[in-house]
Amino acid sequence: MNCGNPDQRDIRKFALPVPDLASELATADIESPSAIVPGCLYRGHVTLLSGAPKAGKSTLVRDWLRRIHLAFQTYSAVPAMVPTGSIRPARTLIISEETAWAWAEFASELPGEDEDKSWLRILHRGHGRIAPASSADLDDWVDAVVDTVKTLEIGLLIVDPVSRFGAIVSENDNSEVLRALMAFERIASETGASLLLLHHTTKGGHEPRGCGAWQQQPDVLLSFRSLGEKEAIETDETTQDRIRILGGKGRFPEIESVVPCHMDQEREYHYLPGVINRFVSVPEYDGERILAVMETRSGEWSANELAELLEMDIQKARRSLRNLAARNRIVKHGETRNATYTLYGS
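Analysis parameters
Residue indices begin from 1 for each chain and proceed along its sequence in written order. Predicted model: local features are reported for residues with pLDDT of at least 70 only, side-chain atom pairs are reported and counted for 80 or more only, and whole-chain, interface and lining totals are derived from all residues. Values shown for side chains rest on all heavy atoms present in the structure; no hydrogens or waters enter the calculation. Helix and strand definitions here come from DSSP, where helices need a minimum of 4 consecutive H or I residues and strands a minimum of 2 consecutive E residues; each element is numbered from the N-terminal end. When we talk radius of gyration, it's over C-alpha atoms, and the globule rule is simply 2.2 Å times the number of residues to the 0.38. Burial here depends on accessible area, computed with a 1.4 Å probe over protein chains only, as a share of the maximum for the residue type. Under 20% is buried, over 50% is exposed, and the range in between is partly exposed. Contact definition: two residues touch when any of their heavy atoms are within 4.5 Å. Areas reported as accessible are Shrake-Rupley estimates using a 1.4 Å probe. Residue values count occlusion only from the protein chains shown. A patch is a set of surface residues, each over 30% in relative accessible area and not in a salt bridge, joined within 9 Å for like charges and within 5 Å for the nonpolar side chains Val, Leu, Ile, Met, Phe, Trp and Tyr. The salt bridge definition used is simple: a Lys or Arg side-chain nitrogen within 4 Å of an Asp or Glu carboxyl oxygen. His residues and chain termini do not enter the charge count, which takes Lys and Arg as positive and Asp and Glu as negative. Every charge is mapped onto a representative atom, which is NZ of Lys, CZ of Arg, CG of Asp or CD of Glu. Strand pairing requires that DSSP identify at least two bridges connecting the strands. Helix axes are fitted only over the stretch in contact, all axes being lines through C-alpha atoms; the angle between N-to-C directions runs from 0 to 180 degrees. Only the six-membered ring of Trp is used, alongside the rings of Phe and Tyr, when aromatic pairs are assigned; centres must lie within 6.5 Å, and planes under 30 degrees apart are stacked while those over 60 apart are edge-to-face, with the rest tilted. Any helix carries an expected span of 1.5 Å times its number of residues minus one. Throughout, the arc means that of the directions going from the helix axis to the C-beta atoms. Angular relationships are summarised with four words: roughly parallel below 35 degrees, roughly antiparallel beyond 145, roughly perpendicular across 65 to 115, and oblique for the angles in between. The hand of a helix crossing depends on one turn: near helix anticlockwise from the far one by less than a right angle means left-handed, and clockwise means right-handed. Amino acids outside the nonpolar list (Ala, Val, Leu, Ile, Met, Phe, Trp, Tyr, Cys, Pro) and the charged list (Asp, Glu, Lys, Arg) are all regarded as polar, and Gly is one of them.

## So, the overall build of the protein chain
A count of helical and extended segments in the protein chain gives 10 helices and 14 strands. For 346 residues, the compact-globule estimate of 2.2 N^0.38 gives 20 Å, and the protein chain sits close to it at 22 Å. Summarising its shape, the C-alpha atoms of the protein chain cover approximately 70 × 60 × 45 Å along the three principal directions. Out of the 346 residues belonging to the protein chain, those deemed buried represent 47%. Restricting to contacts in the protein chain with at least 6 residues of sequence separation, those with at least 24 account for 66%. Just so you have it, the protein chain exposes about 18100 Å², and 50% of that area is on carbon and sulfur atoms.

Given below as C-alpha cells:
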C-alpha cells in the first residue's frame, strides 16, 4: 500500500460471497460433519476437553484410542462409549509433554502385531523442542504442525496440554487465549483433521479454567469429572469412586449434555444407561425407526424409500438420516439428494 500521497493510496476491498437463501438451505441435503467420536470429535473442528488433575482425562483419551485401534482391526462398528454412536477410525498424531515411557507402555498393551499400530504416532518430551518457545513462535509452530498433519494424512490430532503448546502464559488473558485458540483452529480448518485440546477445569470441575475465551472459540466443549461430595448415583455396576461424568456442549446437535460412565479394572470406560434421564430428540427417535427398517435387509436405501415405508415426511427423514450419519450409525453414499445409505460396518 502506498502511504505517501493520499491520492495515490491503493484501495482495497473485502468481497463477501453470495449468502445462502434460507429457502435453499431448508431443502438442501447438507453433509453431516464427519465424527470420529460422535458428540466429541469432528473432522475439521476443535474440541476442548477439560478436567481436574487426576480426574481421568488421559485415561478417557486412551480409551478412545483403544476403540480407534479396534475399529482399524475389525473394520466394523465399535461402540463409542457415548450413547448411540460408533467410532470412525482415523490416523492419529499425539503431541504430548508426557515421556516416551508412558506412551511405550500404552502401545505395548494394544492388541495385535506391531505393524497394526502404525496408525498412531506420538511426539513426546524425548523429542526435544516440540513446543513454541513463546507466542512469537506460535504461527511458525502451527505451520509446521499443518505440514506434518498433511504429510502423514492425520485425521485426529491430540495436543496435551493446550497451554504449553499454545504458548499461553496467562490462562486469564482473554486476548492471549483467543489468539492461541484461533491458531489451533487454523490447524483444523487447513488440514481437515479433528483437533483435541486438553486443559484443566475450575475447582467445580464443570468449566474450563481461565477466561471466557476458553468457552467462546472451540466447536465442542467437554468436561470430565468425578462425582461431587453431595452427589451419588445408584447403580450395581460399579463403586461411586469409579463413576465419572462427561459433560458436553457445542455446535452439533448430537453432543450429549451429560454422559455418566464408569471405569472398569482394565481402565476402560462404559456408559451407565438409565441412571440419569436422557433427552431423546425427534430426529434421534425417528432415526431408531429408520434403523429398524434398514436392519430388515442388507444393501443400500434411499431417503425417499425409507420415508415412504415409514410414512414419514421426506424432510424429517433426511434430518434423521443426517443425525444417524453424524453418529456413525449409517454411511451416506453420494453427495446429492439422490444419495443412498447403508448400515455402518455392514
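Anyway, onward from the coordinates.
## Topic: a negative patch on the surface
A surface patch of negative charge is lined by Glu113, Asp114, Glu115 and Asp116. Tracing the sequence through the fold places Glu113 in the loop between α3 (100-109) and β5 (120-123). The class for Glu113 is exposed, based on a relative accessible area of 51%.

## Concerning the sheet that holds strand β8 (residues 220-226)
Taken in spatial order, the 9 strands make up an open sheet running β5-β4-β6-β7-β3-β8-β9-β10-β11, and their pairing is mixed. One side of each edge strand has no neighbouring strand; the edge strands of this open sheet are β5 and β11 (269-271). Neighbour-to-neighbour, the strand axes of this sheet turn through a mean angle of 20°, independent of strand direction.

## Brief notes about the sheet that holds strand β14 (residues 340-343)
Overall, antiparallel pairing links the 3 strands, which are arranged β12-β14-β13 in an open sheet. Each edge of the open sheet is held by one strand with a lone partner, namely β12 (301-302) and β13 (330-333). Across 2 bridges, β12 lies against β14 in antiparallel orientation. What sits directly across from Ser302, in β14, is Thr340.

## Remarks on the packing of aromatic side chains
If you walk through the whole model with that rule in mind, you get 6 aromatic pairs. For the pair Tyr42 and Phe252, a centre-to-centre distance of 4.0 Å together with 25° between the ring planes defines the contact as stacked. Taken together, the positions of Tyr42 in strand β2 (residues 41-42) and Phe252 in the loop between β9 (243-250) and β10 (258-263) put the pair 210 residues apart, joining distant regions of the chain. The pair formed by Tyr42 and Phe252 is uniform in burial state, with each residue classed as buried.

## A few points about helix α2 (residues 57-74)
Over its 18 residues, α2 extends 26 Å from the first C-alpha to the last, a length consistent with the 26 Å expected when each residue adds 1.5 Å. Counting buried residues along α2, 13 of its 18 residues qualify, which places the element largely inside the surrounding structure. Two residues or fewer past α2, Tyr75 is found with a positive phi of approximately 50°.

## Regarding helix α8 (residues 282-294)
In this model, α8 (13 residues) spans 18 Å end to end at C-alpha, consistent with the 18 Å of a helix rising 1.5 Å per residue. Burial in α8 covers these residues: Glu284, Asp286, Gly287, Ile290, Leu291, Val293 and Met294. Down the axis, α8 shows its buried residues gathered within 165° of arc, on one side only. Residues of α8 that are exposed and point over 90 degrees away from its buried face: Val282 and Tyr285. Residues of α8 that are buried in the fold lie against β12, α9 (303-310), α10 (314-326), β13 and β14.

## Brief notes about the environment of His200
Along the polypeptide, His200 turns up in the loop between β7 (194-199) and α7 (213-216). C-alpha separation for the pair His200 and Gly51, spaced 149 residues apart in sequence, amounts to 4.8 Å. Setting aside anything within four residues of it in sequence, one finds His200 in contact with Ser50, Gly51, Ala52, Pro53, Lys57, Glu207, Pro208 and Arg209.

## Focus on the pairing of strand β4 (residues 92-96)
Within β4, 5 of the 5 residues are buried, which leaves the element mostly enclosed by the surrounding structure. Burial along β4 is two-sided: the face carrying Thr92, Ile94 and Ser96 and the face carrying Leu93 and Ile95 are both buried. With 4 bridges connecting them, β4 and β5 associate as parallel partners. Paired with Thr92 across the bridge in β5 is Leu120.

## Let's talk about the environment of Pro33
Counting through the fold element by element, Pro33 comes out in the loop between α1 (22-27) and β1 (35-37). If we ignore the near neighbours within four places in the chain, the residues touching Pro33 are Tyr42, His45, Phe252 and Ala326.

## Structural notes on the packing of helix α4 (residues 138-152) against helix α6 (residues 174-191)
Interhelical geometry of α4 versus α6 gives an angle of 25° and a closest axis separation of 10 Å. Taken together, the axis directions place α4 and α6 in an arrangement best described as roughly parallel. The handedness of the crossing between α4 and α6 is right-handed. Facing α4, whose interface residues are Leu138, Asp139, Trp141, Val142, Asp143, Val145, Val146, Val149 and Lys150, α6 presents Arg179, Ala180, Ala183, Phe184, Arg186, Ile187, Glu190 and Thr191. Its residues assigned to classes, the contact of α4 with α6 comprises 10 nonpolar, 1 polar and 6 charged.

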